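Results of the structural survey
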Amino acid sequence: MDKDNEVVIKAGKSALHYWREVWRQRELFWILGKRDVMVRYKQTVLGVAWGVIRPLMTAMVMVFAFGKIAKLEQDSSIPYMLVVIPGVIIWLFFSQSLSQISNSIVGNGNLVSKVYFPRIIIPFSSLLVGLLDAMIAFAMFFVFCIYYQFIPSWHIIFAPIFLFLAYLGAFGAGLFASVLNVKYRDIAQIIPFVVQFGYFISPVAYSSERVRNEWWYPIYNLNPVAGTIDGLRWCLLGDFAEFNWQSFIPMLIFVAISVLFSIWFFRKNENSFVDHL
Amino acid sequence: MKAISIENISKKYILSHKKKKYQNLKESVSGFFTELFTSKDEEETKEVFWALRNVSFDIEQGDRIGIVGSNGAGKSTLLKILSRITEPTSGQVKVNGRMASLLEVGTGFHPELTGRENIFLNGAILGMKQHEIRSQFDEIVSFAGIEKFLDTPVKRYSSGMYVRLGFAIAAHLEPEILIVDEVLAVGDSEFQKKCLGKMKDVSSSGRTILFVSHNATAIQGLCNKAAFLQKGNLIKYGEVGEVLHDYMTSISKFQLQQNWETPEEAPGTDQVRIKNIEVVPEFINGSKNIDVRTPLKVNIEFWNMLESAHLNLSMFLYNMTGECVFNVGSQAKTFSKGLIKGMLEIPGNFLNDGSYYISVMIVKDTADPIFFMEDAISFDVADWREGTNWYGKWPGAVRPINIPVQTWKMDGLI
């Protein structure tokens, strides 16, 4: 038996070959993700159709509230629906990933207290559900493109990057919350609140051009969703939404710092999860 | 080759006892806010609880270890540390080889998913690769006996089917080290037999097993070594029979006699009270301890406080796994108030070696048990044999020498 197989269990030290172990158990990542997807629409009449209904309703309500009532559509040279959908795609993906990740450890408490595997696989695997919904929302965008006879920009090839950045943003914040949630269930109260009102402070239903000249714009950009939505609009709408470095750079910094910090924080605490569950 | 070496493992839990400070809602609201802004409240008392304390032992590859101990002895904590679910407060464990732990049957089963989907899910959670599960799939299904319900959500399963499926998946894991906790406590006896058989197969293939169970027979049958934990300390580690004996001794106070001077302090009811109960060995050939050859006399004395009672005395003999070896009773007779004595003899060369318990029941009118004294006496029968080269455990609940097997040569050629 090779020496590599030896595992030393002792206080304050997670496994030496942590990431290698994560890699070895990558199948578990798929299986857990697949489970979340499969379970999602079990015993529903409409099934996967909900994946279309949610973004569609959200986008329609926002077009109505922001476009028609607040009359923002007057400034838009393209159908307002097309401006809103990229925002909705990112926002739903971000908020869903954030809720899933932050609840992942407590929600899978039965696994955490009965079997060992690198715990970080659980929050990682929360990606898949949101990703599937994002794909469906993308398909919806193309249907609207055909309807409005709009040709998306070639920038669309960069869209996966922004989707991934949105995920990392949710992962950084959510992972930190998931660790705290184990000990302080207050987090479970805060997250729905953030999800409920977060889209007002992100350029979901309006273009960030409207707030770009305000003095508080740099603070506004601390919200990582702003940068990713700007980015996705640039990908999908091309000339109608210019690339915004002002929000892109703070978003990158936020994502890098939050992900690294959260992973450190998670690893530091993961071995004591079971004592608090 | 060491599979697991456990070095000075301790695990500490802090229990905090909060006193009830507030009597009404107003007080608790204001109390909450003062607590929020003051650093620490003094009324919380903390108690340190050691679930495990300086436990060390080595497990060789291929060993089948049984872990015994009463509730709260630290068995589950030890398994949790070994299976890396929680970490020790101090000390370390070195594990060599692929390990799978089964602390619960059907971990991670999702009620909404079908049996088929859950096999893959649970297998992956327990550390199986997808292709391994696929290659064992049919065997798992037939072991669990759920062929017809493969595409039914497990929430519609009976609890027996659920457990069978869970065990079937786990049984088809092929780890080098398998950790099992009390899973045999569930399921019907047929299935338990199947589980034990499967675990025997696993162990005979040279894999290391750690097994926690309250079922001493299962541990005796399956394990070659055992560890006895008590209040977080390792009391004994070694050959399974010796450890089980110590464990059994510790949970039963071994004694050949119990005696009470007056009816006031004696155990019993208003109707009868036990005065004396004892086992008297009739040692032969100058031996000093009870072995399989020793005849035993059991004396029971009790006070009858009923005027004219139709009573009989019944005695139960249990072996150490709690099975009743036999139950015998006296003829019912009418007694007046006073001290009554009963006696019986267990012949030598009848009981097998092991630990035994005696319980006594006093029955009124041949139907109404008025007092049952459980585990009143316990004693140990040592092994003794001659004319054999077999030194393993002699099988059987009893070892009656007066049922001889006869052999003779018959006429005829082969």
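Residues numbered from 1 in each chain as written. Chains lettered and ligands numbered in written order. Predicted model: local features only at pLDDT ≥ 70, side-chain atom pairs only at ≥ 80, totals over all residues.

What follows covers the interface of chain B and chain A. Across the contact, 32 residues belong to chain B and 24 residues belong to chain A. Of all elements in the fold, only β4 (90-96) and α3 (115-125) of chain B reach the threshold of two or more residues within the side of chain B that touches chain A. Examining the composition of the side of chain B that touches chain A, we find that seven residues originate from one element, β4(B), more than from any other. Sheet topology places strand β1 (residues 6-10) of chain A next to β4(B); five bridges connect them, and they run antiparallel. The residue bridging A:K10 from the neighbouring strand is B:Q92, located in β4(B). (Contact = placed C-beta atoms within 7 Å. Helix = DSSP H or I, 4+ residues; strand = E, 2+ residues; numbered from the N terminus. Pairing = 2+ DSSP bridges.)

Where burial is concerned, little of strand β13 (residues 324-329) of chain B is hidden: zero out of the six residues are buried. Between the end of strand β12 (residues 296-319) of chain B and the start of β13(B), which pair antiparallel, lie four residues, with B:G322 showing a positive phi angle near 90°. (Buried ≥ 20, exposed ≤ 12 C-beta atoms within 10 Å, placed from the backbone.)

Now for the packing of helix α4 (residues 80-107) of chain A against helix α7 (residues 127-148) of chain A. Residues and elements named next belong to chain A. Taken N-terminus to C-terminus, the directions of α4 and α7 make an angle of 175°; their axes are 9 Å apart at the nearest point. One element, α4, and the other, α7, form an angle in the roughly antiparallel class. Contacts between α4 and α7 pair M81, L82, I85, V88, I89, L92, F93, Q96, S97 and Q100 from the former with L127, V129, G130, D133, A134, A137, F138, M140, F141, F144 and Y148 from the latter. Residues that form the contact of α4 with α7 fall into these classes: 16 nonpolar, four polar and one charged. (Axes fitted to C-alpha atoms, helices over the stretch in contact; angles between N-to-C directions. Parallel < 35°, antiparallel > 145°, perpendicular 65-115°, else oblique. Nonpolar A, V, L, I, M, F, W, Y, C, P; charged D, E, K, R; others polar.)

A few words now on the nonpolar core. Nonpolar side chains tend toward joint burial in soluble globular proteins. Formed by 143 residues in total, the largest nonpolar core has its most connected members in A:V84, A:V88, B:F211 and B:A226. Per element, the largest residue contribution to this core is 16 residues, and it comes from α4(A). The residues touching A:V88, leaving out its near neighbours within four places in the chain, are A:P55, A:T58, A:A59, A:M62, A:A137 and A:V204. With 28 residues, the next largest nonpolar core counts B:I274, B:I300, B:F350 and B:I358 among its residues. (Core = buried A, V, L, I, M, F, W, Y, C linked by C-beta atoms within 7 Å.)

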